[in-house]
Amino acid sequence: MKSPELLLPAGGLERMRAAYDFGADAVYAGSPRYSLRARNNEFAKLDVLQQGISEAHARGKKFFLTVNTIPHNSKLKTFMNDIAPLVAMKPDAMIMADAGLIMMMREHYPEMPIHLSVQANTTNYWGVKFWQNIGVERIILSRELSLEEIAEIRQQCPDIELEVFVHGALCIAYSGRCLLSGYFNHRDPNQGTCTNSCRWDYKVHDTETDEMGDAKLLKGFNFHQAQEDANAAFEGINGQKRHPYADKVFLIEEANRPNELMPIMEDEHGTYIMNSKDLRAIEQVAKLAEIGVDSLKVEGRTKSVYYVARVAQAYRKAIDDAVAGKPFDYSLLAELEGLANRGYTSGFLERHQTQEYQNYLYGHSIAKQSQFVGQITEIDAEGWATIDVKNKFSVGDTLEIIHPSGNQLIVLDKMKRKGVETDVAAGNGIQVQIPNMHGRDKALVARVIQNG
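Residues numbered from 1 in each chain as written. Predicted model: local features only at pLDDT ≥ 70, side-chain atom pairs only at ≥ 80, totals over all residues. Heavy atoms only, no water.

Observations regarding unusual backbone geometry
Rule in force here: Secondary structure counts use DSSP, requiring at least four H or I residues in a row for a helix and at least two E residues in a row for a strand, with both numbered from the N terminus. When accessible area is computed with a 1.4 Å probe and restricted to protein chains, residues below 20% of their type maximum are described as buried, those above 50% as exposed, and intermediate ones as partly exposed.
Of note, Asn 121 is a non-glycine position whose phi angle comes to about 55 degrees, a positive value. Mapping Asn 121 onto the fold places it in the loop between β5 (114-116) and α5 (125-133). The phi dihedral of Asn 436 falls on the positive side, at around 60 degrees, and the residue is not glycine. Asn 436 sits in the exposed class, given a relative accessible area of 63%.

The structure is reproduced here in structure tokens:
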């Protein structure tokens, strides 16, 4: 079994370095003006981008540059001038979605490898063959595919690289095709300015039909109780019984727009404007490797160093174990539970999880949670490590020292601040010192919360 590439997001140099330190083979970063990450993108500065690419190549790693907007006419006028200095930096590939931009890149820079962005929503092997015929080297497949569909694409297209998302936020629409942000804030998701409107705080109201046949607010209605009653009465979606809410219209109200009611539809599959759970497909890594997927991709260019490090470390182990023929390590699920998330799902890869997976989640992962509390910035000759504190921790806490050489659990028995012993690191904005940290340079520190 070939080891798939582990591809991590990088919104800046520190996160790029953490990704490589903790096991990534490659990173991807947003280009200035033409990527879907216009905010929190240090690589929008050309000198920082050049430094990132140079550092990656010095380490023998790869650096991919996203140029994946679907531009309007105004951006075409400057594209070729803007792209020239980026090509000159020699990223390992350009991640692109727009057919016109790809055409121009192939014409002017035929030596530059092109990876087709997930924004192109490639869902079948004819589409893969089309892009392959015009010179695209890798296809980042749509998030909406199952393992069986990915396997069929690999069988039909054996000689092109395939990449699959395995972790991170899921778009409530086909990736990047949602109009909510543009509707609410005039910020187009496919121009790099999505405000994640699908994740705002919405209240749901029932409706009644007026004399004109339009939906209007039904006052005094307990939506959640009615939903529970309807779901309890529902027996299935295979023709046995139609869901009571099928084809029904509801009104939603966003917290910052009171009395601005918008109609939505809800049926047995859900309320489609609401936010998705986050993707976590670490349990499917072995199957994806068996299929022959070339690259496993993590989403999150705006995430923290802690997120990048922990996700990279977990998926690195999952890949290495899979290639070595070892069984899946269920403790990796608990490692990822400690990260901020909106609940996890394997997305469309698998519709149902095994009973073993369900038992693990309820029996174990809840018992170990962690909170990022700081990062080691320096270590003195006696082994005292200075920690830049992010969240509160205290003497007596169990801390996890997260380092590329391996993680370590300790019970903190002493701590100093400005040379004076203290019991509590009160929170963000201060520095403290903890002992016995030789060899743990730049480690991340998390407080372990034991609930069981």
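Once you've had a look at it, read on.
Points about the confidence of the model for the protein
Put simply, the test is: Confidence scores labelled pLDDT are given residue by residue by the predictor and lie between 0 and 100. What makes two residues a contact is simply this: any of their non-hydrogen atoms within 4.5 Å.
Across the protein, the average pLDDT comes to 83, with 72% of residues at 70 or higher. Long-range and interchain partners of residues 355-367, a stretch whose pLDDT sits below 50, account for 22 contacts in this model, where long-range means more than four residues apart.

Some thoughts on the environment of Ile 95
Relative to the elements of secondary structure, Ile 95 occurs in strand β4 (residues 93-96). For the pair Ile 95 and Arg 138, spaced 43 residues apart in sequence, the C-alpha to C-alpha distance is 9.0 Å. Setting aside anything within four residues of it in sequence, one finds Ile 95 in contact with Tyr 28, Phe 64, Leu 65, Thr 66, Val 67, Asn 68, His 115, Ser 117, Ile 140 and Lys 297.

Some thoughts on the pattern of salt bridges
Two side chains bearing opposite charge may form a pair once their charged atoms approach each other closely. Rule in force here: Definition used for salt bridges: Asp or Glu carboxyl oxygen within 4 Å of a side-chain nitrogen of Lys or Arg.
For the structure on display, the rule yields 19 salt bridges. In this structure, Arg 17 and Glu 55 form a salt bridge, with 2.7 Å as the shortest nitrogen-oxygen distance. One end of the pair, Arg 17, is in helix α1 (residues 13-21); the other, Glu 55, is in helix α2 (residues 46-58), with 38 residues separating them in the sequence. Residue classification places Glu 55 among the partly exposed residues on the basis of a relative accessible area of 22%. Of the charged contacts, one joins Arg 138 and Glu 163 as a salt bridge, the two residues approaching to 2.7 Å between their closest N and O atoms. Here Glu 163 lies in strand β7 (residues 161-168) and Arg 138 lies in strand β6 (residues 138-140), a separation of 25 residues in the sequence. Exposure remark for Glu 163: the relative accessible area of 0% places this residue in the buried category. Bridged by salt links that share partners, the residues Glu 5, Arg 138, Glu 161, Glu 163 and Lys 297 form one connected network.

Brief notes about the nonpolar core
Rules: Residue types Ala, Val, Leu, Ile, Met, Phe, Trp, Tyr and Cys, when buried and joined through side-chain atoms within 4.5 Å, form a set referred to as a nonpolar core. Either an automatic procedure or a domain database provided the assignment from which the domain bounds are taken.
Residues Phe 63, Met 94 and Met 105 are the most contacted members of the largest nonpolar core, which totals 92 residues. Residue contributions to this core peak at 12 residues, all from helix α10 (residues 305-323). For this core, the domains that each give at least three residues are domain 1 (5-171 + 278-359) and domain 3 (370-448). In contact with Phe 63, not counting residues within four places along its chain, are Met 16, Tyr 20, Val 27, Ala 29, Phe 43, Leu 49, Gly 52, Ile 53, Ala 56, Pro 91, Asp 92 and Ala 93.

Quick notes on the pairing of strand β18 (residues 385-389)
The test is simple: When DSSP finds at least two bridges between two strands, those strands are taken to pair.
In terms of burial, β18 is largely enclosed, as four of its five residues are buried. Pairing between β18 and strand β25 (residues 431-434): four bridges, direction antiparallel. When the sheet's bridge partners are listed, Ala 385 is paired in β25 with Ile 434.

A few points about the environment of Gly 429
Inspection of the secondary structure puts Gly 429 in the loop between β24 (424-425) and β25. On the accessibility criterion, Gly 429 (65% relative accessible area) is exposed. For the pair formed by Gly 429 and Asp 388, sequence separation is 41 residues and the distance between their alpha carbons is 7.3 Å.

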